[in-house]
Amino acid sequence: MSQAPKNLQTIESHILQMQKLHPSASGDFTGLLSDITFAAKIISREVNKAGLVDILGETGTENVQGEQVQKLDEYANNVFLKCLGTKGQVCAMGSEELADPIYVDTHEGTGRYIVVFDPLDGSSNIDANVSVGTIFAIYRRVSALDRVGEQDILQSGRELAAAGYVIYGSSTMFVYTTHSGGVHGFTLDPSIGEFLLSHENLKTPFEAKIYSVNEAYEPRWTPEVREVVRQLKYGRSSSSRQDAPTKGVDISSRYIGSLVADFHRNLLYGGVFLYPPTVSKPGGKLRLMCEAAPLAMVCANAGGYASDGTQDILDIKPETLHQRVPLYIGCRDTVLWIEKMLSSGGGGI
Ligand code: P6P
């Protein structure tokens with residue numbers, strides 16, 4: 001007989017415990033987070049059997065980003081829309097897979113929240129069985145329920161009520177944080193269908209031992225970005241007074257090409273992820289609202305920092321739902337150093 005799990009705290013009991021810290025809480029937020037964990041369990045089941053059923057491959061259609069939509073992308077998106085849009089807590093949703101926001105009929109519900117999500121990030125890796133992930137951001141409605149519009153969706157990361165991600169890898173992990181701080185990780189025990197607390201009050205290490213960037217784009221980076229990556233590798237550079245915080249650190253390069261997997265590994269081990277602008281992508285590739293801002297909240301609440309090269313990601317007020325940003329995210333000192341290097345030299349294209 002297998003050992004009883006050491007920590008029997010499920011995510012539902014953890015969320016309820018957090019709710020008790022806010023006596024005025026209505027339970028809507030708790031219900032919404034539980035709906036997201038339910039969606040994650042359903043997506044996890046499909047991702048983990050993707051190789052066994054005809055769900056691999058592409059649908060032959062493109063999404064708003066002009067990317068080939070994988071069957072699992074579509075499936076994950078539909079699961080989120082079904083799980084989140086029916087209980088009345090949510091008044092609007094924005095998906096990386098859909099060009100426009102969806103405004104939800106909340107019936108008698110409070111419609112207090114907006115959810116922006118990337119249902120299955122890194123999906124181009126699915127056929128190779130590489131870890132993929134879901135990213136979600138939860139905002140509070142700012143308008144009257146009968147006047148919900150773009151202003152309720154296009155909020156900066158500072159306004160996030162909660163954010164998190166699910167990584168579908170060797171195990172499925174659910175990581176979330178709320179505005180009151182604290183980053184908590186839960187690992188799915190598929191034998192009982194419960195997310196069990198496995199990483200309470202996660203803090204990212206001070207020192208970056210890993211840097212993650214697609215070095216194939218080096219010829220298209222600015223000289224300042226090239227110098228940053230060079231210093232990350234070699235520490236002190238003869239051409240600069242700056243000492244990379246990684247000076248003398250036995251640093252490794254790790255890049256999976258799946259943001260959630262790269263971010264999660266760096267969060268746990270200490271690292272920095274870079275997606276700089278290039279000539280073909282002057283605004284970067286990653287999306288502010290459904291990727292950079294939610295991960296920036298998780299990172300900040302774990303002691304790290306996220307920048308677009310000039311400012312804190314959390315301070316950026318979105319102009320459009322699918323706005324892209326350059327992203328430098330991970331160990332605080334290292335990302336602050338990168339921001340300083342790029343701001344002084346103007347790291348933009
Ligand atoms: P590149 C996956 O397509 C994704 O959106 C992120 O998950 C990942 O970090 C990035 O793109 C990889 O992009 O240009 O290095 O292939």
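Heads up: the structure comes first, above all this text.
To start, this report covers the structure provided alongside it.

What counts, and at which threshold
- Residues numbered from 1 in each chain as written.
- Predicted model: local features only at pLDDT ≥ 70, side-chain atom pairs only at ≥ 80, totals over all residues.
- Heavy atoms only, no water.
- Pairing = 2+ DSSP bridges.
- Helix = DSSP H or I, 4+ residues; strand = E, 2+ residues; numbered from the N terminus.
- Contact = heavy atoms within 4.5 Å.
- Axes fitted to C-alpha atoms, helices over the stretch in contact; angles between N-to-C directions.
- Core = buried A, V, L, I, M, F, W, Y, C linked by side-chain atoms within 4.5 Å.
- Buried < 20%, exposed > 50% of the residue type's maximum accessible area, 1.4 Å probe, protein only.
- Domains from an automatic or database assignment.
- Near = heavy atom within 4 Å.
- Polar contact = N/O pair within 3.5 Å; in protein donor to acceptor, adjacent residues only side chain to side chain.
- Areas by Shrake-Rupley, 256 points an atom, 1.4 Å probe, with all protein chains shown as cover.
- Nonpolar A, V, L, I, M, F, W, Y, C, P; charged D, E, K, R; others polar.
- Arc of directions from axis to C-beta.
- Parallel < 35°, antiparallel > 145°, perpendicular 65-115°, else oblique.
- Left-handed = near helix turned anticlockwise from the far one by under 90°.

A separate point is the sheet that holds strand 9 (residues 183-189). Taken in spatial order, the eight strands line up as 4-3-5-6-7-8-9-10 in an open sheet, and their pairing is mixed. This sheet does not close on itself; its edge strands, each paired only once, are strand 4 (102-103) and strand 10 (194-199). Of the strand pairs in this sheet, strand 6 (residues 132-140) and strand 7 (residues 160-168) are connected by eight bridges, and their pairing is antiparallel. Residue Ala137 lies in a different strand from strand 7, and its bridge partner there is Ala163. Lying on the sheet, helix 6 (residues 259-269) is in contact with strand 5 (113-121), strand 6, strand 7, strand 8 (172-178) and strand 10; it crosses strand 7 at an angle near 100 degrees.

Counting 62 residues, the largest nonpolar core has Val116, Tyr165, Leu274, Ile313 and Leu327 as its most contacted members. If one sorts the elements of this core by residue count, helix 7 (residues 288-301) sits on top with ten residues. Residue assignment places this core across two domains, with domain 1 (11-199) and domain 2 (210-345) each supplying three or more. In contact with Ile313, not counting residues within four places along its chain, are Leu288, Ala292, Ala293, Ala296, Ala306, Ser307, Asp308, Val325, Pro326 and Leu327. Among the nonpolar cores identified, the runner-up in size contains 38 residues, and Leu33, Cys83, Val115 and Phe136 belong to it.

Taken together, 16 residues surround the ligand, and among them Asp121, Tyr217, Tyr255, Leu259 and Tyr275 come closest. For the ligand, an oxygen atom lies 2.9 Å from a polar atom in the side chain of Asn214. Lys285 is positioned with one of its side-chain polar atoms (N or O) 2.9 Å from an oxygen atom of the ligand. Contact with the protein chains covers 86% of the free accessible surface of the ligand, which is 400 Å². When contributions to the shell around the ligand are tallied by element, the ones reaching two or more residues are strand 13 (271-275) and strand 14 (286-287). Per-class residue counts for the shell around the ligand are six nonpolar, five polar and five charged. Here the shell around the ligand gathers at least three residues from each of two domains, domain 1 (11-199) and domain 2 (210-345).

Turning our attention to the sheet that holds strand 13. Reading across from one edge, 12-11-13-17-15 is the order of the five strands in this open sheet, with mixed pairing throughout. Edge positions in the sheet fall to strand 12 (252-253) and strand 15 (305-307), since each has one partner strand and no second. Seen against the sheet, helix 5 (residues 223-234) touches strand 11 (210-212), strand 13 and strand 17 (327-330) and runs at an angle of roughly 155 degrees to strand 13. Running at roughly 25 degrees to strand 17, helix 7 makes contact with strand 15 and strand 17 of the sheet.

In regular strands, side chains alternate between the two faces of the sheet. Counting buried positions along strand 9 gives five out of seven residues, so the element sits mostly inside the fold. Here five bridges tie strand 8 to strand 9, and the two strands are oriented antiparallel to one another. Following the sheet pairing, Phe174 is matched in strand 9 by Phe186. Counting the residues in the hairpin turn of strand 8 and strand 9 gives four residues, including Gly181, whose phi is positive at 90 degrees.

Take helix 1 (residues 11-20) next. Those residues of helix 1 that sit buried are Ile11, His14, Ile15 and Met18. Down the axis of helix 1, the smallest arc covering the buried residues is 95 degrees, so these residues share one side. Structurally, helix 1 contributes buried residues whose contacts are with helix 2 (28-48), strand 8, strand 9 and strand 10.

Once that is clear, we can look at the packing of helix 1 against helix 2. Between helix 1 and helix 2, the shortest axis-to-axis distance is 10 Å and the interhelical angle comes to 160 degrees. In this view, helix 1 runs roughly antiparallel relative to helix 2, as classed from their interaxial angle. In terms of crossing hand, the pair formed by helix 1 and helix 2 is right-handed. Here Ile11, Glu12, Ile15, Leu16 and Gln19 of helix 1 come into contact with helix 2, specifically with Thr30, Leu33, Ser34, Thr37 and Lys41. Of the residues assigned to the contact of helix 1 with helix 2, the class counts are four nonpolar, four polar and two charged.

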